[in-house]
Structures are given as structure tokens and as C-alpha cells.
Amino acid sequence: MNQPLLSVEDLHVRFRTPLGDVHAIRGISFSIERGQIMGLVGETGCGKSMTGRSILRLVPQPGEITRGRILFEGRDLMPLSEDEMHKIRGERIAMIYQDPAAALNPVFSIGQQIFMVMEQHQANSDVDTRQRVIQLLEDVGLPEPMTLYNAYPHELSGGMQQRAMIAMALSSDPSLLIADEPTTALDVTIQAQILDLLITLQRSRGISILLITHNLGIVAETCQRVVVLYAGRIAEQGDVGDIFHRPHHPYTKGLLAALPNPGSRGNALNVIPGRVPSGLDLPPGCTFAPRCEYVMDHCSQHQPGLFTVSPSHEAACFLHEEVGGKKP
Amino acid sequence: MQKFIARRMVVTVFTILLVSLIVFVMVRVSGDPRTLLLDDYASIEDYDELTANLGLDKPLFTQYAIFLRHALVLDFGDSVVDEQPVTATILQRLPATLQLGLAAFIFSLVIGIPLGILSSVKRDSVWDHVGKVVALLGQSLPPFWLGIMLMFFFAVTLDWVPPSGRFEWNSFILPAITLGWFTTAANMRLVRSSMLTALDSEYIKLARAKGVSESVIVWKHALKNAIIPPLTFMGVTLGTLVTGSIVAEAVFAWPGIGLLAFDALRQSDYAMLQGIIIFFTLMYVGTSLAVDILYAYLDPRIRFA
Ligand SMILES: Nc1ncnc2c1ncn2[C@@H]1O[C@H](COP(=O)(O)OP(=O)(O)O)[C@@H](O)[C@H]1O
Ligand SMILES: [Mg+2]
């Protein structure tokens with residue numbers, strides 16, 4: 001029973017655009033254990049959302065998964081038919097989005113929306129389903145679930161909308177929840193409440209969560225494992241302690257340095273200079289090289305693979321090889 | 001919701017009052033009805049008598065009050081041409097116009113909405129191209145020309161339907177298409193664009209991510225949102241179907257209010273025109289009120305505003 005809940009193996013996603021092919025995801029592999037919260041971090045545009053959507057095989061046009069396997073609960077999702085994927089999406093893997101105001105349908109009440117989703121996948125009586133919906137609204141900490149059942153999305157605050165979306169996600173009792181920047185649109189106190197809710201759900205239901213965020217601070221508070229993405233590849237992955245206390249990749253170090261630090265008073269944010277290269281014309285060699293303060297000669301010619309730092313920790317940087325780590 | 005309806009009612013009443021005032025003023029400034037009603041041999045006494053009969057010796061405000069009082073019971077006086085009560089003639093023509101307007105409206109919905117949905121769901125397919133052609137033709141072909149062409153092909157050349165009049169059951173088809181043509185194209189375009197917006201929205205992405213089937217996504221989740229903008233427009237078009245009936249009825253000699261207006265215009269029958277304008281206004285304003293209420297019912301953001 002040591003099999004992970006989800007393993008993504010060598011995932012590639014490509015967008016065919018009029019300007020040329022954009023290689024948004026270029027061979028990433030990671031896995032999520034049962035009951036684990038895993039953080040997927042990186043700057044905007046590095047491929048976090050596409051990774052999340054690839055798991056559900058919902059990469060938007062003109063994008064497509066060109067290679068890779070997505071092993072979920074022991075079976076590969078890639079060869080499944082669209083009908084079988086509908087079942088996976090509706091029942092086993094749920095997703096919540098950044099902007100709950102936009103993700104809830106404005107013309108149906110909160111209760112109706114969750115009801116409609118449940119109706120698609122379960123054959124219970126209407127009364128039972130309604131009861132379940134109200135229970136779910138209560139489970140995600142919404143006050144007066146009976147009243148909220150008939151409320152429309154625009155009548156709820158952002159935090160309540162996000163809770164409602166989480167309730168919808170939980171309606172099928174999924175084993176994996178993909179949360180794509182679930183708190184980015186919310187203000188700080190509400191952010192903390194939503195993260196608490198996610199942690200509670202993980203504990204009480206044993207659900208696994210893939211938490212996508214550009215905010216390492218959030219990861220530190222919620223996750224057990226972290227994958228750091230850069231330009232469609234994994235820069236570093238490890239347990240939270242590995243990433244926060246023993247970061248190996250200069251990109252991870254840069255992200256950590258960019259965190260607002262309560263200790264160093266008055267210090268301006270350290271931002272990594274430069275920006276993520278476009279997937280259209282990637283530099284040869286390490287894609288982070290142009291921004292890296294430790295850049296070496298061969299970094300701009302060769303692409304580093306993942307080197308094992310410790311059994312739980314990998315980094316894609318030649319620096320690690322220099323200091324004597326073993327080759328992959 | 002009640003507040004919204006009440007507000008809309010008040011606006012409606014004011015609109016009707018405003019139109020009645022405009023009609024009243026326009027009739028006064030468009031010429032002296034006495035010169036129209038009296039012939040060249042009339043005496044000064046005839047003239048004065050008519051002035052008193054028409055109430056033209058009273059102050060303007062009193063005249064308007066009298067006009068309103070009569071209008072309230074739908075009394076617009078007698079036709080200048082046949083001296084029959086205007087209202088009776090209009091009411092007698094009303095069913096023909098309603099029949100035509102309804103047929104045109106149904107035509108524009110039955111063709112426009114599904115075509116709009118199809119061309120948004122199956123982008124760049126045959127349906128999308130058919131939709132684009134319909135949209136283009138709908139907006140560029142003048143109705144009178146379309147009417148004559150339809151008449152020429154389907155009535156004269158093919159002899160499938162009668163060329164004009166309202167005698168056989170199928171004589172409404174061509175005028176209804178002529179009348180509904182523009183609206184069909186407009187409905188199609190609006191439904192298409194608002195469906196595209198809806199289908200591209202986050203809540204559709206979420207519905208997909210929840211494994212909701214594609215048909216439920218299109219017909220339930222997207223359409224209920226997408227139908228709202230075209231619906232407001234339909235409120236306006238319902239009105240234009242009434243007023244647009246002038247061209248369609250004139251081309252096909254369809255004996256409705258449109259043709260009546262056309263004839264009244266040619267014969268300077270100001271009493272008749274005045275009545276028709278008020279009638280058209282009532283229908284126009286009434287339908288948009290009905291549509292607004294329906295709109296509010298569909299869009300909870302308005303319903304509870
Ligand atoms: N519609 C698209 N067309 C072309 N490229 C796209 C499209 N959508 C996303 N991409 C590419 O995928 C990359 C990753 O996007 P995304 O996963 O949304 O980033 P993130 O969620 O990390 O901010 C983008 O940098 C872009 O190059
Ligand atoms: Mg994103």
C-alpha cells in the first residue's frame with residue numbers, strides 16, 4: 001500500500017500558436033501520497049495551472065498533452081475515454097479555482113449548482129441530495145446552510161464563495177483536490193481561514209490536496225511536500241523542511257529571499273531580477289541561467305537533470321554536481 | 001423584485017404620457033386640421049363651428065387634457081377619410097398585425113436561437129458558416145427588397161404560396177419571413193456571441209472539471225446565462241416587429257395596422273395616424289415591460305437588486 005495516490009510521469013504540454021509551438025510543460029514528474037498536501041510553486045507563467053489541468057486532462061485549446069503518464073489510484077488516465085474522464089472528474093479528482101466569483105454560475109443558487117453537479121454522478125433521491133448539499137455547506141463552515149442553499153453567488157462574500165466552491169468540490173467525496181491559487185483573490189485574514197479549512201478537510205477526510213500557489217509563505221503553513229516549477233520544468237522538489245531549510249536550487253533560494261521577512265525590518269523585497277522566459281524561444285541549457293547569480297559556463301549549453309540531494313529531495317542544478325552530489 | 005416591477009411600471013406610464021404629448025404637439029404643428037377637413041367652399045361660420053367642435057378654441061393645456069381623457073378610453077376621434085371611429089378600425093385590423101408579428105417573432109426565435117447556439121458550440125463548422133451568412137444577409141438586405149424577391153420566387157415563379165393578401169392559411173409565411181428577417185439575424189448574432197462568452201467563462205471550466213456532461217453544460221449552465229443579453233434585445237425587437245410591419249404589410253398587402261398606417265399617411269388622415277402611433281406605443285412599451293420582468297426573473301442579480 002505504498003503506492004502514491006497520484007504519479008505524474010514525464011508530462012509534456014505544448015501549445016500550438018500562430019507564433020510557433022509553446023512548450024509550456026517540459027517533462028515533469030512528481031507524486032502525491034494519500035492524505036498529503038503538496039505545494040506546487042513558481043512564478044506566474046511557469047506552468048502551475050497547466051500541470052493541474054493536465055491531471056484532469058483539461059488543457060485548454062490550442063494546448064495538448066504530448067507525452068507522459070498520469071497514474072491515479074493505480075491506473076493511467078491518459079488512455080481513458082472522454083466518458084471515463086467525466087467520471088474521474090466528477091467523482092475522484094476535484095478542482096477549485098482562484099476566482100470563486102467567476103467560477104460559480106451567476107444564474108443558479110449555491111444549492112442548485114451543487115445539487116446539479118451531484119445529480120450528474122449520483123442516483124439518490126432529490127430529498128437526500130438536498131440534505132447532502134446542506135450538510136456539505138455546513139462542513140465547509142458556512143453559516144445558516146439552509147438559507148445559503150437558496151442564495152445566489154453575488155450575495156456571498158469572496159470567502160463564502162470560495163467555501164461554496166470547496167463544498168461543490170467535496171460533493172463527490174474525491175480523493176484528490178486540486179486547488180489552483182485558492183486564496184489569491186481573497187484578503188489576508190480570509191486566506192488564512194480558507195487554508196485552515198483545507199487543512200481540516202485533509203485531516204478529517206484524508207483527502208490529498210495539490211495546492212497551487214505563487215506564495216511560498218502559504219506552502220510553509222500548509223504543505224508537507226513542495227514542487228518548485230520553473231519554465232515548465234521542476235527546479236527542485238522535496239519535503240517542506242528540505243525546501244525551506246536546505247534549498248539547493250538558486251531559484252528556490254531566490255523565491256525564499258523574496259518572501260517578506262518579519263525579522264529584517266524595513267528591508268525591501270528581494271526580487272529575482274529578470275523574468276520567466278517565454279515557452280516560445282527557450283534558451284538552450286538551463287532556462288534559469290540568464291537570471292542565476294551562480295551561473296557557470298556550461299549552464300548555458302547543457303540542461304541540468306534532477307540530482308538527488310537526499311532520499312526526499314531533488315534539485316535540477318549543476319551547482320549541486322559541483323559540490324559533489326551523485327549524478328542521476 | 002416587486003420594487004423592480006413597480007419602478008418599471010412607473011417608467012412605462014411616463015413613457016406613454018411622453019409619447020402622447022409628442023403626438024399631441026406633432027399633430028398641432030404639422031398643419032391646421034381645419035384646412036384639411038374643410039373644403040374650398042366653407043364659410044367663416046363653418047370654420048368657427050369646426051373650431052369649437054374640435055376644441056381648438058380652448059387653451060392648449062385644456063386641449064391636451066381633453067385629448068388625454070379621450071385617449072384614456074382609447075377614443076381618438078373619427079377618421080378624416082371615412083369618418084368611422086379610428087379605434088374601431090384599428091381594433092379590426094389588430095388581429096392581422098398580431099398574427100404576423102407573432103409569426104415573425106416565432107420565426108426569428110426558432111431559426112435565430114438554435115443557429116446561434118450551434119454556431120457557437122461548433123465553431124468554424126458548416127453551422128458557423130451558415131450562421132455568418134444569415135447574419136450578414138439579415139443586416140444588409142433591405143426588407144422591402146427581400147419581400148419582393150421572396151414574392152417573386154416563392155409566389156410567382158414557384159407558386160407555393162399566394163403573392164399577397166390574407167386569404168389562404170399559408171399567406172402569412174412570406175410577410176412573416178420578411179418582417180422577422182432582420183430580427184432572426186440579430187438574434188442569431190447575439191446568441192452566438194453571448195454563448196461564446198459564457199462557454200469561455202470560469203464557471204463553465206468548473207462545470208467541465210466537475211465532469212458535467214457537454215450537453216448539460218451547453219443547454220443548462222451556459223444557455224441560461226447566454227440568453228439574458230439577447231432577451232433584452234428581443235424586448236426591443238418585439239416592438240420593431242410591430243412598427244416594422246408597415247413595410248412588410250405594404251409589400252404583401254397584408255390588411256393589418258401597418259398597411260392602415262401606410263394608407264393613412266398617404267391620405268393625411270391625421271386622426272388615424274395619431275391613434276395608430278398611440279397603439280404602436282402601447283404595444284411597444286407593453287412588450288418591453290413584459291420582457292424586462294422576464295429578464296429579471298432569469299437574472300438573480302437583477303431580481304434582488
Ligand atoms: N492559450 C495559450 N496559448 C499559448 N500558450 C499558453 C496558453 N495558455 C498557457 N500557455 C503557456 O503555458 C504557460 C504556463 O501557463 P500556466 O500554467 O497558466 O502558468 P501559471 O499557472 O504557473 O501562472 C504560460 O507561460 C504560457 O506560455
Ligand atoms: Mg495559474
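Here, residues in each chain are numbered from 1, in the same order as that chain's written sequence. Whichever chain is written first becomes A and whichever ligand is written first becomes 1, with later ones labelled in order. Restriction of local features to residues with pLDDT of at least 70 applies here, the model being predicted, together with a cutoff of 80 or more for giving and counting side-chain atom pairs; totals for whole chains, interfaces and linings are based on all residues. Processing note: side-chain calculations cover all non-hydrogen atoms of the structure and skip hydrogens and water entirely.

1. Examining the overall build of chain A
- What chain A contains, in helices and strands, is 12 helices and 12 strands.
- For the radius of gyration, the atom set is restricted to C-alpha positions; the globular benchmark scales as 2.2 Å times the number of residues to the power 0.38. In terms of overall size, chain A behaves like a compact globule, its C-alpha atoms giving a radius of gyration of 21 Å where 328 residues would be expected to give roughly 20 Å.
- Any two residues whose heavy atoms approach within 4.5 Å at even a single point are treated as in contact. Long-range contacts, defined here as pairs at least 24 residues apart, represent 63% of the contacts in chain A between residues at least 6 apart.
- Only four residue types enter the tally: Lys and Arg on the positive side, Asp and Glu on the negative side; His and the chain ends are excluded. Each charge is placed at NZ for Lys, CZ for Arg, CG for Asp and CD for Glu. Once the 27 positive and 35 negative side-chain charges of chain A are each reduced to a mean point, those two points are 4 Å apart. Here a helix means four or more residues in a row that DSSP labels H or I, a strand means two or more in a row labelled E, and each is numbered from the N terminus.

2. Considerations on a nonpolar patch on the surface
- Taken together, B:L18, B:L21, B:I22, B:V25, B:M26, B:V29 and B:I277 make up a surface patch of nonpolar side chains, about 610 Å² in accessible area.
- Along the chain, B:V25 falls in helix α1 (residues 2–29). Without a salt bridge and with relative accessible area above 30%, a residue can belong to a patch; like charges are then joined within 9 Å and nonpolar side chains (Val, Leu, Ile, Met, Phe, Trp, Tyr) within 5 Å. The protein chains shown are the only cover counted for residues, whose accessible areas, like all others here, come from Shrake-Rupley with a 1.4 Å probe. Salt bridges, as used here, are contacts in which a Lys or Arg side-chain nitrogen is within 4 Å of a carboxyl oxygen on Asp or Glu.

3. Comments concerning a negative patch on the surface
Residues and elements named next belong to chain B.
- A surface patch of negative charge is lined by D39, D40, E45, D46, D48 and E49.
- Note on placement: D39 falls in the loop between α2 (33–37) and α3 (44–54).
- Its relative accessible area of 52% is what places D39 among the exposed residues. Exposed residues in this analysis have more than 50% of their type's maximum accessible area, buried residues have under 20%, and partly exposed residues fall in between, with area computed by a 1.4 Å probe over protein chains only.

4. Quick word on the environment of A:E314
All names here are of chain A.
- Tracing the chain through its elements places E314 in strand β12 (residues 313–315).
- Considered as a pair, E314 and D242 are 72 residues apart in the sequence and their alpha carbons are 9.3 Å apart.
- If near-sequence neighbours (up to four positions away) are discounted, E314 is found in contact with A235, E236, Q237, L306, F307, T308 and V309.

5. Points about the sheet that holds strand β4 (residues 63–72) of chain A
Residue and element names in this part refer to chain A.
- Two strands make a pair as long as DSSP finds a minimum of two bridges between them. Reading across from one edge, β2-β1-β4-β5 is the order of the 4 strands in this open sheet, with antiparallel pairing throughout. Each edge of the open sheet carries a strand with a single partner, namely β2 (20–32) and β5 (75–76).
- Here β4 pairs with β5 via 2 bridges, running antiparallel. Bridge pairing in β5 links L71 to D76.

6. Here's the deal with the site of ligand 1
Residues and elements named next belong to chain A.
- Any residue with a heavy atom lying within 4 Å of a molecule or strand is counted as near it. Near ligand 1 you find 13 residues, and of these G45, G47, K48, S49 and M50 are the closest.
- Whenever a nitrogen or oxygen atom comes within 3.5 Å of another N or O atom, the pair is scored as a polar contact, on the condition that within protein one atom can donate a hydrogen and the other can accept it, and that pairs from neighbouring residues in sequence are kept only if both atoms are in side chains. Within the side chain of S49, an N or O atom sits 2.7 Å from an oxygen atom of ligand 1.
- In this structure, M50 approaches ligand 1 through a main-chain N or O atom, which is 2.8 Å from an oxygen atom.
- For ligand 1, whose accessible area on its own is 570 Å², the fraction buried by protein is 70%.
- Sorting the residues of the shell around ligand 1 by element identifies β1 (6–17), β2 and α1 (48–55) as the ones contributing at least two each.
- Looking at the shell around ligand 1, the element that brings in the most residues is α1, giving 3 residues.
- In terms of residue class, the shell around ligand 1 is built from 6 nonpolar, 5 polar and 2 charged. When residues are grouped by polarity, Ala, Val, Leu, Ile, Met, Phe, Trp, Tyr, Cys and Pro land in nonpolar, Asp, Glu, Lys and Arg in charged, and all others, Gly among them, in polar.

7. Brief notes about the interface of chain B and chain A
- At the junction of the two partners, chain B supplies 21 residues and chain A supplies 29 residues.
- In short, buried area is how much 1.4 Å probe accessible area vanishes from two parts on joining, totalled over both. For the chain B and chain A pair, buried surface summed over both sides reaches about 2,200 Å², with 62% attributable to carbon and sulfur atoms.
- When the buried surface of chain B facing chain A is broken down by residue, B:L206, B:A209 and B:K210 rank first, second and third, together holding 30% of it.
- Counting the contacts that link chain B with chain A gives 9 residue pairs in polar contact (both at pLDDT 80 or more).
- Where the side of chain B that touches chain A is concerned, the elements lending two or more residues are α9 (202–209), α10 (214–226) and α15 (300–303) of chain B.
- Counting residues per element, the side of chain B that touches chain A draws most heavily on α9(B), at 6 residues.
- A class-by-class count of the residues in the side of chain B that touches chain A yields 9 nonpolar, 4 polar and 8 charged.

8. A few points about the confidence of the model for chain B
- Of the residues in chain B, 98% reach a pLDDT of 70 or more, and the chain-wide mean stands at 84.
- Reported confidences for the modelled complex are a pTM of 0.77 and an ipTM of 0.71. Residue-level confidence of the predictor, termed pLDDT, takes values from 0 up to 100.

9. A short note on unusual backbone geometry
- For the bond running from A:Q61 to A:P62, omega is -5 degrees, close enough to zero to count as cis.
- Mapped onto the elements of the fold, A:P62 is located in the loop between α1 and β4.
- Despite not being glycine, B:L74 shows a phi value in the positive range, around 55 degrees.
- Mapped onto the elements of the fold, B:L74 is located in the loop between α4 (60–72) and α5 (86–121).
- B:L74 gets classed as partly exposed once you look at its relative accessible area, which sits at 31%.

10. Points about the packing of helix α13 (residues 257–266) of chain B against helix α14 (residues 270–298) of chain B
Residues and elements named next belong to chain B.
- Throughout, an axis means a line fitted to C-alpha atoms (over the contacting stretch in the case of helices), and angles, computed between N-to-C directions, take values from 0 to 180 degrees. Two elements in contact, α13 and α14, have axes separated by 9 Å at closest approach and are oriented at 150 degrees. The chirality of how α13 crosses α14 is left-handed. Here I257, G258, L260, A261, A264 and L265 of α13 come into contact with α14, specifically with M272, L273, I276, F280 and M283.
- Split by residue class, the contact of α13 with α14 holds 10 nonpolar, 1 polar and no charged. Crossings are classed by handedness, with left-handed meaning an anticlockwise turn of the near helix from the far one by less than a right angle and right-handed meaning a clockwise turn.

11. A look at the nonpolar core
- To form a nonpolar core, buried Ala, Val, Leu, Ile, Met, Phe, Trp, Tyr and Cys residues must be joined to one another through side-chain atoms within 4.5 Å. The biggest cluster of nonpolar side chains holds 139 residues, and the ones touching the most others in it are A:F30 and A:I55.
- Apart from residues no more than four positions distant in its own chain, A:F30 is found in contact with A:L6, A:S7, A:V8, A:M38, A:T51, A:I55, A:V227, A:I234 and A:Q237.
- Counting residues in hydrophobic clusters, the runner-up holds 24 residues, among them B:F24, B:V27, B:I90 and B:F279.

12. Side note on the pairing of strand β8 (residues 208–213) of chain A
All names here are of chain A.
- Taking burial as the measure, the 6 residues of β8 include 6 buried ones, the bulk of the element.
- With burial as the criterion, each face of β8 is covered, one bearing S208, L210 and I212 and the other bearing I209, L211 and T213.
- In this structure, strand β3 (residues 37–41) lies alongside β8, joined through 5 bridges in parallel fashion. In the strand pairing of β8, V41 is matched with T213.
- Two strands pair when backbone bridges link them, and strand β7 (residues 176–180) and β8 are joined in this way by 5 bridges, in the parallel orientation. Looking at β8, one finds that L176 is bridged to S208.
- If the strands point away from the viewer and the path from the first strand over the helix to the second runs clockwise, then the crossover is right-handed. Once you follow β7 into helix α8 (residues 188–205) and on to β8, the crossover reads as right-handed.

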